[in-house]
Amino acid sequence: MLLFGIALVFTIQSHSYHKSKFINSANFLSGGVYNSVNDISSYFDLKSQNKILSEENKRLNELLTNYQIDTNSVDIDSTLKLNYKYTTASVIRNSYSLSNNFLLINKGRNDSIKQDFGVRSPLGIVGIIDAVSGNYATVLSILNSKSSISVKLKKSGHIGSLIWNGASPNIIQLTDVEKIAPVTTGDTIVTSGQSSIFPENIPVGTITDAKLDATENFYEINVQLFNDMTNLEHVYIIENTDKKEIETLLESTNE
């Protein structure tokens, strides 16, 4: 075997054809090994990569949201005043089969999170911050009988209230839409921007069916959510930096 090995080395070194074949084979083997190692490293690096992507999405969401508000702005740059700030968070617990469902997330008072901040996922709204501790917060899910969020028909702009009847975690109800509104199956529902919690035009879902209520003045509408509320991992917490000013002004007006 020793002599065979020595002969093989001499043969490869003295014949260009054999040498090229050996190099190609070595490259193929080493490439396969490195590729496998890279796949393993990439797998164990998914958590950090997801965190990087989540932070980048947070930044882009802030820019998009505030650009829609500041329509007079020509350029989006670091000088743009952020009316809405985003914070990334992970969902630790999530209930969706009860009548009053909540989520638990891993950000709290130490991360400047406060009650009544909005919560969304990349696909749409999730709920509103309900209670906060140092490092955690509970979220009043949109799948909660106590939840009521102002939304609108994207095409016509007609306003309604988003509530949940407790039947399905994939279907939510839209009420208080006047019968004069052009309601069509497949229409998109988005946030109205008329509250100080959520910015305008965050996706909610699409209309599956609609009918007039008992008074025949308003629609009762079922909406298929864009979010899969049974499978939430990463969310964004939304802070309206002008919320206190807006609420103070409204309180003084009401008085």
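Refer to the structure presented above.
Residues numbered from 1 in each chain as written. Predicted model: local features only at pLDDT ≥ 70, side-chain atom pairs only at ≥ 80, totals over all residues. Heavy atoms only, no water.

(A) Broad picture of the overall build of the chain. If you tally the helices and strands in the chain, you get four helices and twelve strands. Taking all 255 residues of the chain together, 33% fall into the buried category. Taking the contacts inside the chain whose residues are at least 6 apart along the sequence as the reference set, 57% of them involve residues at least 24 apart. Surface summary for the chain: the accessible area is close to 15,600 Å², and the carbon and sulfur share equals 54%. (Helix = DSSP H or I, 4+ residues; strand = E, 2+ residues; numbered from the N terminus. Buried < 20%, exposed > 50% of the residue type's maximum accessible area, 1.4 Å probe, protein only. Contact = heavy atoms within 4.5 Å. Areas by Shrake-Rupley, 256 points an atom, 1.4 Å probe, with all protein chains shown as cover.)

(B) Spatial organisation of the sheet that holds strand β3 (residues 118–120). Judged by pairing direction, the barrel is antiparallel, and its six strands sit side by side in the order β1-β2-β5-β4-β3-β12 before closing back on the first. Going from strand to strand, the sheet's axes swing by 45° on average, the running direction of each strand aside. (Pairing = 2+ DSSP bridges. Axes fitted to C-alpha atoms, helices over the stretch in contact; angles between N-to-C directions.)

(C) Looking closely at the packing of aromatic side chains. Under the defined criterion, the tally for this structure stands at one aromatic pair. Relative to tyrosine 236, the ring of tyrosine 86 has its centre 6.2 Å away and its plane inclined at 65°; by these criteria the two rings are edge-to-face. Of this pair, tyrosine 86 sits in strand β1 (residues 84–94) while tyrosine 236 sits in strand β12 (residues 234–240), and the two are 150 residues apart along the sequence. No difference in accessibility class separates tyrosine 86 from tyrosine 236, as the two residues are buried. (Phe/Tyr/Trp six-rings, centres within 6.5 Å; stacked < 30°, edge-to-face > 60°.)

(D) Seen up close, a nonpolar patch on the surface. Together, Leu2, Leu3, Ile6, Val9 and Phe10 give the surface a local cluster of nonpolar side chains, amounting to about 550 Å² of exposed area. Assignment of secondary structure puts isoleucine 6 in helix α1 (residues 2–14). For isoleucine 6, a relative accessible area of 38% corresponds to the partly exposed category. (Patch = residues over 30% accessible without salt bridge, like charges linked within 9 Å, V, L, I, M, F, W, Y side chains within 5 Å. Salt bridge = Lys/Arg side-chain N within 4 Å of Asp/Glu carboxyl O.)

(E) View of unusual backbone geometry. One non-glycine residue, serine 112, lies in the positive phi region at around 65°. Turning to its location among the elements, serine 112 is positioned in the loop between β2 (100–105) and β3. Phi at asparagine 201 is positive, roughly 70°, even though this residue is not glycine. As for its placement among the helices and strands, asparagine 201 is situated in the loop between β9 (188–191) and β10 (203–212).

On their own, these measurements won't tell you what the molecule is for.
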